[in-house]
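Breakdown of the fold
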Amino acid sequence: TAEKLEKLTRKKLNGHALPDREVAFKPAAAKTPENGSRAATKPAQGKKVVNFPETPQGNQINGVATEPTTKKAASKALLRSKKEELQAQREALPCYEARDNITAAIMANQTTIIVGETGSGKTTQIPQFLYEAGLTKNGIIAITQPRRVAAISIAKRVSEEMGTRLGDKVGYSIRFDDTTAPSTKIKYMTDGMLLRELLSDTKLEKYSVIILDEAHERTLRTDILFGMVKGIQKERKDLKIIVMSATLNAERFSQYFDGAEILYVAGRQFPVRAFAPGAQLEDYVDAALVTTFQLHQEEPKGDFLVFLTGQEEIDNLQKLIEEQARDLPPKCPKLLVCPIYAKLPTDQQTRVFNPAPPGTRKVILATNVAETSITISGIRYVIDTGVSKVRSFNAKTGMESLTVQPISKASAQQRSGRAGREAPGFCYRLYTQAAYEGLSEETEPEIMRCNLASVVLMLKASGVDDVLGFDYMDKPSRTSIVRALEQLYALGALNDEGGLSELGQQMAELPLDPVYSKVLLQSVKYKCTKEVLTVIAMLSVDLIFFSPNDKREQAGQAKKRFMNYDGDHLTLLNVFSSFQTVHGDAAWCAENFISARSLKQVQDIRRQLVSFTSRQGIDTTVSCGTDNLEAVLKCFLSGCFQNVAMRTPDGSYKTLVGNQAVYIHPSSVLFLKKPDAVVYNELMHTTKQYMRNISIIQPQWLLDVAPQYYGRAAARTTG
Ligand code: CDP
Ligand code: MG
């Protein structure tokens, strides 16, 4: 066996430029003798080694280890026409076996909850069953997806299975791209699109069935849809609602939908063994690269699925893998890299579903879309970076942005599950077991994570007038909803009747706290959109300047270079312009005690903001120039007019609203200057109430920017 082991150990790569580092998997050969190939490999000399001991919970997908069953279709599928092959594939799916039960349950109930392992055929098959059962005689079947890429690829697949052209009987509808026709009966769409349709078709009359898919993800839009369709169904008894989820905890959905029946589609999940490194890895993209090559040379055939956070990372890793693959030994199988993410052109998206050519291993580099939304066959090995890009709420500016965050345990288990769909599989987590233990159990519903004023704004924009009485699946507190309403009214997003104003409508389209949405929209009037975009992006990042204990003096001096005497907003603007001028040079950042990482983040956030803003037809390049920066301050005041403080004779400040004592934070460039009137970005309570990010204003500006709200108060104070 020693000899056997030797053979199975990873091939030496002398003479090749391949890995100079490696992640050494420390496997459990003793525990599972049938997996002899996973025997411990001795790290080659001088290599950086990270251990990957096996982790206990890998084979418990959803806490349920199901018995492997043999694959029926595989052996028979040879030499058949494409149509027959597709049909055979359909018939091999667990949902297909449960076809009669599923159809009968849906026909008998107004609302049905369906739970089934990812890949069991929920999304592709169930709409077809209902079509065949005649449910499209009086309307269309809508299937919502949180992700565009899933809507597209699944619609394409289903139209193939049904032998029709995409855009005929089966189509998809996503923002800026609608392939449906009057003949369309099965319509895959993003949850955002269905919300949009609700505005013009409040009873969703077109549809006979609404399938809310990927319900376990609890996106904000799906959550709002739950309440909307539930309400519609009260008036439209003929409307069928189906909620589909890939995780087992479906009671929540059932309770919400008045005890709707839950159907469990028996899964076909093979055990998956999970491995984790012994110590924290530095850079997960690099670790994914090293792990890919290592596994490729050590492991028998089976495709790889690597979870990453977004396009940039995926493109990067693809390049790196393709470069290094040229140095693989000639005898080693080839690697075929297939990326999948939202913005990938549609024709390339379908490449991931094609089987790898003989003698080739497919490496799929995917975003979270491959976690439960789409299934790709052939995967035996999952490489999980443990992170994903999610919409998150920045309490500082109320800005919602996409940030890279650790996933939940439920997600980690879903990801590992992708390796065990056709045979026992392996999951390599690029984070330690301790890190895994520290993950939250489940992903928190997005509605609980985002700014409430913007949730309320979105509900209003979706046609919900009574936001307090709305039937939330998870309800935010009453006081916080009322506060959000008051704030929206003050900002002019709501009219006197509590309905959405035109400004409010525009604000609803931006992923910002309504205060900053307003600032951004007002920047058109003040002709300073370019500057305002930068300042908002800068404000949404935590730490711009750093000040090491032993270099306080130098750091202070460095900061002075960017100082603008009108305050912090324009100082931040200077920092970003300088950073752009030097093209983000790291040495420059270090010299100036500026965090390069934060500034990169600012660039990224700014890019996202630019794309949202320009989609509203706003020219994001309009600039006030350097001589008219006052416009930027007025513009901020037009949104932050409730955050104004005036100096008192003793040098402290009183807020104009509420007459609270507040102080200038020592980090502000205005700390020593103590101007008469200031606008601040936020209050921070430590020993006192400190105002942070402060700029000088002229009190009479308040009359311009918020005449109804502030006219009298401002006049009195300056009077
Ligand atoms: O929704 P669920 O996760 O239950 O499964 P599905 O998306 O309906 O996928 C069922 C099967 O269709 C998968 O096993 C895939 O192999 C196949 N499929 C495909 O080959 N190509 C697609 N674009 C979508 C699905
Ligand atoms: Mg699905």
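Look a little higher up for the structure.
The following refers to the structure shown. (Residues numbered from 1 in each chain as written. Chains lettered and ligands numbered in written order. Predicted model: local features only at pLDDT ≥ 70, side-chain atom pairs only at ≥ 80, totals over all residues.)

**Some words on the site of ligand 1**
Near ligand 1, the surroundings consist of 17 residues, among which K122, T123, T124, R157 and T375 are the closest. At the level of secondary structure, the elements contributing two or more residues to the shell around ligand 1 comprise α6 (122–132) and α7 (148–161). Among the elements that make up the shell around ligand 1, the one with the highest residue count is α6 (four residues). Partitioning the shell around ligand 1 into residue classes produces four nonpolar, eleven polar and two charged. (Near = placed C-beta within 6 Å. Helix = DSSP H or I, 4+ residues; strand = E, 2+ residues; numbered from the N terminus. Nonpolar A, V, L, I, M, F, W, Y, C, P; charged D, E, K, R; others polar.)

**Digging into the sheet that holds strand β7 (residues 207–212)**
Sheet strands pair by backbone hydrogen bonding; their relative direction is either parallel or antiparallel. Pairing is mixed in the open sheet, where eight strands are placed in the order β5-β4-β6-β3-β7-β8-β2-β9. Only two strands of the sheet have a single partner each, and these edge strands are β5 (177–178) and β9 (261–265). Pairing of strand β2 (residues 111–116) with β9, which is carried by five bridges, proceeds in the parallel orientation. Its bridge partner being in β9, G116 is matched across the sheet by V265. Contacting β3 (140–145), β4 (170–174) and β6 (186–190), α7 crosses the sheet at an angle of about 170 degrees to β4. Those strands touched by helix α8 (residues 191–200) are β3, β4 and β6, and its axis lies near 100 degrees from that of β6. (Pairing = 2+ DSSP bridges. Contact = placed C-beta atoms within 7 Å. Axes fitted to C-alpha atoms, helices over the stretch in contact; angles between N-to-C directions.)

**Comments concerning unusual backbone geometry**
One non-glycine residue, H583, lies in positive phi territory at about 55 degrees. Relative to the helices and strands, H583 is located in the loop between α22 (568–581) and α23 (586–591). You can call H583 exposed: it has 7 C-beta atoms within 10 Å. Of note, N693 is a non-glycine position whose phi angle comes to about 50 degrees, a positive value. The exposure class of N693 is buried, given the 25 C-beta atoms found within 10 Å. (Buried ≥ 20, exposed ≤ 12 C-beta atoms within 10 Å, placed from the backbone.)

**Section: α22**
Taking 1.5 Å of rise per residue, the 14 residues of α22 would be expected to cover 20 Å, and the 20 Å separating its terminal C-alpha atoms lies within 8% of that figure. Contacts from the buried residues of α22 go to α20 (529–539), α24 (596–615), α25 (630–639) and β22 (689–696). In the segment just after α22, H583 is the residue with positive phi, at about 55 degrees. (Expected span 1.5 Å × (residues − 1).)

**Examining α8**
Along α8, the residues classified as buried are D191, G192, M193, L194 and L195. Buried residues along α8 sit in contact with β3, β4, β6 and α9 (220–235).

**Quick notes on the packing of helix α17 (residues 478–491) against helix α19 (residues 514–526)**
At a minimum axis distance of 10 Å, the contact between α17 and α19 shows a crossing angle of 15 degrees. Judged by the angle between their axes, α17 and α19 are roughly parallel. Relative to α19, the crossing made by α17 is right-handed. Of the residues in α19, those touching α17 at Q487, L488 and L491 are P514, V515 and K518. Here the contact of α17 with α19 is composed, by residue class, of four nonpolar, one polar and one charged. (Parallel < 35°, antiparallel > 145°, perpendicular 65-115°, else oblique. Left-handed = near helix turned anticlockwise from the far one by under 90°.)

Functional significance is not addressed by these values, which are geometric in nature.
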